[in-house]
Amino acid sequence: MHGLSGTRWEALLSEDGAAAARGSALDAAPRARSQLLPRLLDAQERDGFVSEASLAAIARDLHVPESEAFGVATSYSELRMTPRTAPHVSICTGLSCLLNGARALADALPSALPSGWQVEEEPCRFRCDAAPIAMVGQRYVSRATADGVAAAVAGADDGGPDERPTAEERPGETRRLLGRCGRIDPDEIDGALALGAYDGWQRARSLAPTAIVAIVEASGLRGRGGAYFPAATKWRGVHAHPAPRYLVVNAEEGEPGVFKDRYLIEGDPHLVVEGILIAARAVEAARVYVYVNGEARLAAERLRVAIARADARGLLTGAPPIEVRRGAGGYVCGEESVILSSIEGERAVPRLRPPFPVDAGLFGRPTVINNVETLCNLPQIVIGGGEAFRATGTAEHPGTKLVCLSGAFARPGVYEVPFGTPLRRIVGEIGGGAAPGRTLRALLCGGPSGSLLPPSCWDAPLVPNGLDDAGASPGAGGIVAIDEMMSIREVVRHLAAYNAAESCGKCTPCREGTVRMVALLDERPGDARARMDDLTEAMGAASLCGLGQMAPLPYLSARRHFGNEL
């Protein structure tokens, strides 16, 4: 739990409320609005939902109006405001799972489960490489069948999520970030130290912050979260403002088809911690917040353990405090300004920009927001220098990229390839082509707001904005292989419906536009095309954040490459 003891909860929920709870138990946890989401998560983990009494007690204790606390709680998809009425199994109905039989599984399960059990559908469980996925309590059932789920229900111990397997290294890979995954015990530190963990941090400790920025700038490192913005440019941006400054690590990763950051944190949390330490020194951060997806429980726990292990070895001496925060669901939570609002205890909605985070971010102070994969590149850059880093990849995009293969691939998983690797090589040599008995006909690159690419585009190199003539991008690295299991029209509609469900509702173009996209896709194509074109243009130009701006991309790419099927 995040800091409220059972005694404190009993006091807060008593008739006298916060006054009765005042004392040493309360002193252990801060009373600030920024603690609102952690307290709401505490309540749900304790009771299974956020009750009216819990919400009122939390609001009273943190001096937040109850109506505002309710608004915050209801902006997160994972927070329940009512209790469950029956035990349940959840089935992932994300694209990769649908391509591997999730719909048939969901239909078959009710008759396979004990009386009284319910089947719920979830938009993604972020284990796309083991699709279809079911979940019983906190236990995942990989490559689920009705019999397998029934067996899990009968014998579930709910001991926590299982580990992800390490994919076998394939020809064409260049494993830098994945080098220790599967070779160390993530819950210990000695094995990681023996394989070079924290060597980059020890080197960075001897360098001035400006020198670290210069090395990273010389390396050409770009962000790996999907926007590919030069990392050093962000860092120089915050240095233009006086302290205090903050570093926020985006480990939210709530995009279906993308699971590489969780893989890194779960498999080699010390690489993540080391990258955080280097970046924090480079920007002279007063504090670090690591924002982890609410469902990624194992990742959050391993990160906390790794921080504690490093601290026990004296490796955090001189570093700022590092706090791990968990989100509570929602695709929009991966947007950087939403992360800031979430940490501050506000609703999960994007902010107007400018100002940008480097100018006025967390708590109004200059803030750098970096993705997990981005930071994991820092140790090798500090040790080897910018020129060595540039030896792999392309001139404009040096280094490697983690790709997440799922859907109809024969060998789904997380792999590491140099930028510039042709898509066809990733599909055939690394992903193994189509699974037995299947024929690949399209790739979805870039998640639910990505582009659909036919085989004629697969000779393109893996670089941002270069996957087709229209500038399709790999985004955060998700590549979903599509076969005859779903038509292109079904895929586009599924993605449109997902984006509509995940819209936070703050801006009209996204809130209304995503819903209208689904309705138009249900009409006859000839009748709807002109209106769809007008709608997608308006959404792209006027939406507040990337969800609405990019939601039309699957449709636009399908119209360009699969017009006769759309």
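Above this text is the structure in question.
Residues numbered from 1 in each chain as written. Predicted model: local features only at pLDDT ≥ 70, side-chain atom pairs only at ≥ 80, totals over all residues. Heavy atoms only, no water.

**Student:** Describe in detail the environment of R309, supporting the description with residues and values.
**Tutor:** If you trace the backbone, R309 turns up in helix α16 (residues 297-312). Classification of R309 by relative accessible area gives partly exposed; the value is 32%. Each C-alpha atom of the pair R309 and H270 lies 9.1 Å from the other, and the pair is 39 residues apart in sequence. In contact with R309, not counting residues within four places along its chain, are D187, E188, I189 and H270. (Helix = DSSP H or I, 4+ residues; strand = E, 2+ residues; numbered from the N terminus. Buried < 20%, exposed > 50% of the residue type's maximum accessible area, 1.4 Å probe, protein only. Contact = heavy atoms within 4.5 Å.)

**Student:** Please set out the sheet that holds strand β3 (residues 134-136) residue by residue, giving values where relevant.
**Tutor:** Judged by pairing direction, the sheet is mixed, and its four strands sit side by side in the order β2-β1-β3-β4 without closing on themselves. Each end of this open sheet is capped by a strand with a single partner; those strands are β2 (118-122) and β4 (139-141). Within this sheet the neighbouring strands show an average axis-to-axis angle of 30 degrees, counted without direction. In this structure, β3 lies alongside β4, joined through three bridges in antiparallel fashion. Bridge pairing in β4 links V136 to R139. Contacts from helix α8 (residues 102-112) reach β1 (88-92) and β2, with the element oriented near 165 degrees to β1. With respect to the sheet, helix α9 (residues 146-155) is in contact with β1, β3 and β4, its orientation differing from that of β3 by roughly 15 degrees. (Pairing = 2+ DSSP bridges. Axes fitted to C-alpha atoms, helices over the stretch in contact; angles between N-to-C directions.)

**Student:** An account of the environment of S54 is requested, with residue identities and associated values reported.
**Tutor:** Inspection of the secondary structure assignment puts S54 in helix α5 (residues 52-62). Residues S54 and A391 lie 337 residues apart in sequence; the distance between their C-alpha atoms is 55 Å.

**Student:** Give a description of the packing of aromatic side chains that names residues and reports values.
**Tutor:** Using the criterion set out here, one finds five aromatic pairs in the structure. Ring centres of Y331 and Y498 lie 5.5 Å apart, and the angle between their planes is 50 degrees; this geometry places the pair in the tilted category. Taken as a pair, Y331 in the loop between β7 (322-326) and α17 (336-344) and Y498 in helix α22 (residues 488-502) lie far apart in primary sequence, 167 residues in all. Its relative accessible area of 13% is what places Y331 among the buried residues. Taking the relative accessible area as the measure of exposure, Y498 reaches 10% and is therefore buried. (Phe/Tyr/Trp six-rings, centres within 6.5 Å; stacked < 30°, edge-to-face > 60°.)

**Student:** Give a description of the packing of α22 against helix α23 (residues 508-521) that names residues and reports values.
**Tutor:** Their axes nearest at 8 Å, the elements α22 and α23 cross at an angle of 155 degrees. One element, α22, and the other, α23, form an angle in the roughly antiparallel class. Considering the relative orientation of α22 and α23, their crossing is left-handed. For the pair formed by α22 and α23, the contact residues are R489, V492, R493, A496, A497, N499 and A500 on the first element and T514, V515, M517, V518 and L521 on the second. Tallied by class, the residues present in the contact of α22 with α23 amount to eight nonpolar, two polar and two charged. (Parallel < 35°, antiparallel > 145°, perpendicular 65-115°, else oblique. Left-handed = near helix turned anticlockwise from the far one by under 90°. Nonpolar A, V, L, I, M, F, W, Y, C, P; charged D, E, K, R; others polar.)

**Student:** Now, about the nonpolar core: what can you tell me, with residues and values included?
**Tutor:** Residues Y198, W235, L247, I276, V290, V292 and L303 are the most contacted members of the largest nonpolar core, which totals 69 residues. The element that contributes the greatest number of residues to this core is helix α15 (residues 269-283), accounting for ten residues. Each residue touching I276, except ones within four places of it in the same chain, is listed here: L247, V249, V288, V290, I322 and L375. The next biggest cluster of nonpolar side chains, apart from the first, holds 48 residues, and it includes C97, L444, V518 and A528. (Core = buried A, V, L, I, M, F, W, Y, C linked by side-chain atoms within 4.5 Å.)

**Student:** I'd love a proper account of helix α6 (residues 66-73), names of residues and values included.
**Tutor:** Every buried residue of α6 is accounted for by A69, G71, V72 and A73. The secondary structure elements touched by the buried residues of α6 are α4 (36-47) and α5.

**Student:** Talk me through the pattern of salt bridges; I want residue IDs and the actual numbers.
**Tutor:** For the coordinates displayed, the defined rule picks out 40 salt bridges. Linking E323 and R287 is a salt bridge whose minimum nitrogen-to-oxygen distance equals 3.1 Å. Here E323 is found in strand β7, whereas its partner R287 is found in strand β6 (residues 287-292), with 36 residues between them in sequence. Because the salt bridges share partners, they merge into one network encompassing K260, D261, E373 and K401. (Salt bridge = Lys/Arg side-chain N within 4 Å of Asp/Glu carboxyl O.)

**Student:** Any details on the sheet that holds β7? Residues and values, ideally.
**Tutor:** Where strands meet in a sheet, backbone hydrogen bonds hold them as pairs that are either parallel or antiparallel. Across the sheet, four strands lie side by side as β7-β6-β5-β8; this open sheet has parallel pairing. Of all the strands in the sheet, just β7 and β8 (367-371) have a single pairing partner and so form its edges. Across the sheet, the axes of successive neighbouring strands diverge by a mean angle of 20 degrees, strand direction being ignored. Strand direction decides the pairing type here: strand β5 (residues 246-251) and β6, joined by six bridges, are parallel. Bridge pairing links Y246 to R287 in β6.

**Student:** Just give me the short version of unusual backbone geometry, but keep the residues and values in it.
**Tutor:** Note the cis peptide between A243 and P244, where omega equals 0 degrees. Its place among the elements puts P244 in the loop between α13 (231-239) and β5. The omega angle of the peptide bond from P354 to P355 is 5 degrees, so this bond is cis rather than trans. For P355, the location among the structural elements is in the loop between α17 and β8. Phi is positive for Y228, which is not a glycine, with a value near 60 degrees.

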